[in-house]
Amino acid sequence: MADTTTRILRGRLLTFHGAPSGPDDGDAYSYIEDGALLLQNGLIAARGAFSEVEAQAPASTLVTDHRPHLILPGFIDTHIHFPQAQVIASWADQLLDWLNDYTFPAELKFADKAHADRIAKGFYDALLAHGTTTAVAYCSSHPNSVDAYFEEAERRGMMMLGGKTMMDRNAPEALCDTAQSSYGDSKALLSKWHKNGRARYVITPRFAITSTPEQLEAAGSLLKEFPECHLQTHINENHNEIAYTRELYPDAAHYLGVYESFDLLGPRTLLGHCIHMTGHELQVMRETGSVAVFCPTSNLFLGSGLFDKSGLESAGIRTAIATDVGGGTNYSMLRTLDEGYKILQLQRQRMHPLTSFYWITRGNAEALQLADRIGTLEAGTDADIVVLDANATPAKALRMETVETLSEELFLLQTLGDDRCVVETYVAGTPQKDRISSVGS
Ligand code: GUN
Ligand code: ZN
């Protein structure tokens, strides 16, 4: 819920105006050493030097002094699985075995609304503890799980995106819907939740292997009817997945051609993984404006492969970054950046820390076409904010003794950081840390 308390947050402010073109691109961001935000009615009403913001604030406005910590936009996770909160950290083989051995059994439990409600509470507690204020999630195939997901987000006032997973084959029967029921259920959920408060519905066919052509056609029809909605699916994650997809869709020129033929691509389409892409697929990605979502901890954990950020971006493809919990191994976007950095290093693509922090804030918001609401500290946008302490543990504090620049501090935060560095998370202007385990209980 939006907090009606007017408050000033004082601290070191960092927000991005665009993707940094290099380490010295000072125009890409604003950093204010003694800065402040004025929060009013769930929004950022003003941003500037503390003295200026204080001067324009109503008399006796509450001041929360976060100095010497960094104040950033809340992190955005563009691909996560809500029903996999009890799948994360399962000792599995690669993708298809992992799905069958751990993931589908866990998702079956979401037929029970009470289970979904309980997991939703833990899921949102975990996101907020890690500084994530918006995520794009797959729910299970049960409509109840979508209600659980959005009801809990509503209780906490969070902007969350998500949808019912559409899957009608190659999974346990109790998890399978049909082309027709998935269309009807998705449409009903979309009507109920899309733009209901801060909720945004995402059309969610899991991937080509678990959908018949009829179901992908139904997903395409939904997108045509509701073009303002996002669509999410998976692609080119794993070699066995690709081979099986080609068997199931022998007429498609390539994996992306399957989705293309059902009109699933476009600027609001989020394609998880995009690791093993062919030349023509890159062209189709660019032409349609679809987004390639990098899931580093998942790609390492499932042994899937190395995401080629610079290859994709130089081909003109939009990118985003995400945890992909529970194939991913941590809710933290800081841990995600660290593992992503290493994947890029293996390909001689050294990511600068300014680029990293742009990516998990404004960059992901732009990928979602939501940068007018989230992902920055601009006045007029939603007051979703994270406060970070690079000195959170003795080892970090020791390393911080030699840190001299903002970029060095950011790199320390991404390399050593996790939820212990998150001092506070604000959702629509309301501090969450004290509420984390009590909300909804
Ligand atoms: N492909 C299809 N479903 C999934 C999933 O749940 N996780 C991952 N990582 N890949 C998938
Ligand atoms: Zn996924």
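Placed above this text is the structure.
The structure displayed is predicted, hence computed values, not measured ones.

(A) Molecular detail of empty space enclosed by the protein. All told, the structure shown has one cavity of 30 Å³ or more when counted by the stated rule. The calculated volume of the largest cavity comes to roughly 100 Å³. In terms of lining residues, the largest cavity is bounded by 14 residues, among which L95, W98, L99, H234 and E237 are the most central. With three residues, helix 2 (residues 95–108) is the single largest residue contributor to the lining of the largest cavity. The residue makeup of the lining of the largest cavity, split by class, is five nonpolar, six polar and three charged.

(B) Geometry of the packing of aromatic side chains. Taken as a whole and assessed by the stated rule, the structure comprises 15 aromatic pairs. Here F82 and Y149 contribute two aromatic rings whose centre-to-centre distance is 5.7 Å and whose plane-to-plane angle is 40 degrees, an arrangement assigned as tilted. Of the two residues, F82 is situated in the loop between strand 5 (75–81) and helix 2 and Y149 in helix 4 (residues 143–156); the sequence distance between them amounts to 67 residues. Relative accessible area serves as the criterion here: at 0%, Y149 is assigned to the buried category. Within the aromatic cluster, the residues linked to one another by ring pairs are F82, F110, F123, Y124, Y149, F150, W193 and Y331. Taking the ring centre of F50 as reference, the NZ or CZ of R10 above it sits at 3.6 Å.

(C) A look at unusual backbone geometry. In the segment running from R67 into P68, the intervening peptide bond is cis, with an omega of 5 degrees. The topology assignment puts P68 in strand 4 (residues 62–73). Phi is positive for A89, close to 70 degrees, though the residue is something other than glycine. On the secondary structure map, A89 appears in the loop between strand 5 and helix 2. Taking relative accessible area as the criterion, A89 reaches 65% and is therefore assigned exposed. Unusually for a residue other than glycine, N236 sits at a positive phi of about 45 degrees. In this fold, N236 is placed in the loop between strand 10 (230–235) and helix 7 (239–248).

(D) Representation of the nonpolar core in the model. Among the nonpolar cores identified, the biggest contains 103 residues, and F82, Y259 and F357 are the most heavily contacted of them. Residue contributions to this core peak at nine residues, all from helix 3 (residues 113–129). Apart from residues lying up to four places away in sequence, Y259 is in contact with F207, A208, L216, T233, H234, I235, L264, L265 and L271. By size, the runner-up hydrophobic cluster in this structure holds 17 residues, among which are L270, V291, C295 and L370.

(E) How the structure looks around the site of ligand 1. As a structural note, the neighbourhood of ligand 1 is formed by H81, Q84, L95, W98, L99, R206, F207, H234, E237, H273, S298 and D324. The side chain of R206 places a nitrogen or oxygen atom 2.7 Å from an oxygen atom of ligand 1. A distance of 2.7 Å is found between a nitrogen atom of ligand 1 and a side-chain nitrogen or oxygen belonging to E237. A majority-of-atoms criterion places ligand 1 in the largest cavity. For the shell around ligand 1, the element with the highest residue contribution is helix 2, accounting for three residues. Partitioning the shell around ligand 1 into residue classes produces four nonpolar, five polar and three charged.

Definitions and limits used
Residues numbered from 1 in each chain as written. Chains lettered and ligands numbered in written order. Predicted model: local features only at pLDDT ≥ 70, side-chain atom pairs only at ≥ 80, totals over all residues. Heavy atoms only, no water. 1 Å grid on protein atoms, 1.4 Å probe; cavity = no way out; pocket = protein on both sides within 12 Å on 5 of 7 lines; lining within 4 Å. Points joined across faces, edges and corners; volume = space filled by probe spheres on them. Helix = DSSP H or I, 4+ residues; strand = E, 2+ residues; numbered from the N terminus. Nonpolar A, V, L, I, M, F, W, Y, C, P; charged D, E, K, R; others polar. Phe/Tyr/Trp six-rings, centres within 6.5 Å; stacked < 30°, edge-to-face > 60°. Buried < 20%, exposed > 50% of the residue type's maximum accessible area, 1.4 Å probe, protein only. Lys NZ or Arg CZ within 6 Å of the ring centre and 35° of its normal. Core = buried A, V, L, I, M, F, W, Y, C linked by side-chain atoms within 4.5 Å. Contact = heavy atoms within 4.5 Å. Near = heavy atom within 4 Å. Polar contact = N/O pair within 3.5 Å; in protein donor to acceptor, adjacent residues only side chain to side chain. Sits in = over half its atoms within 2 Å of the grid points.

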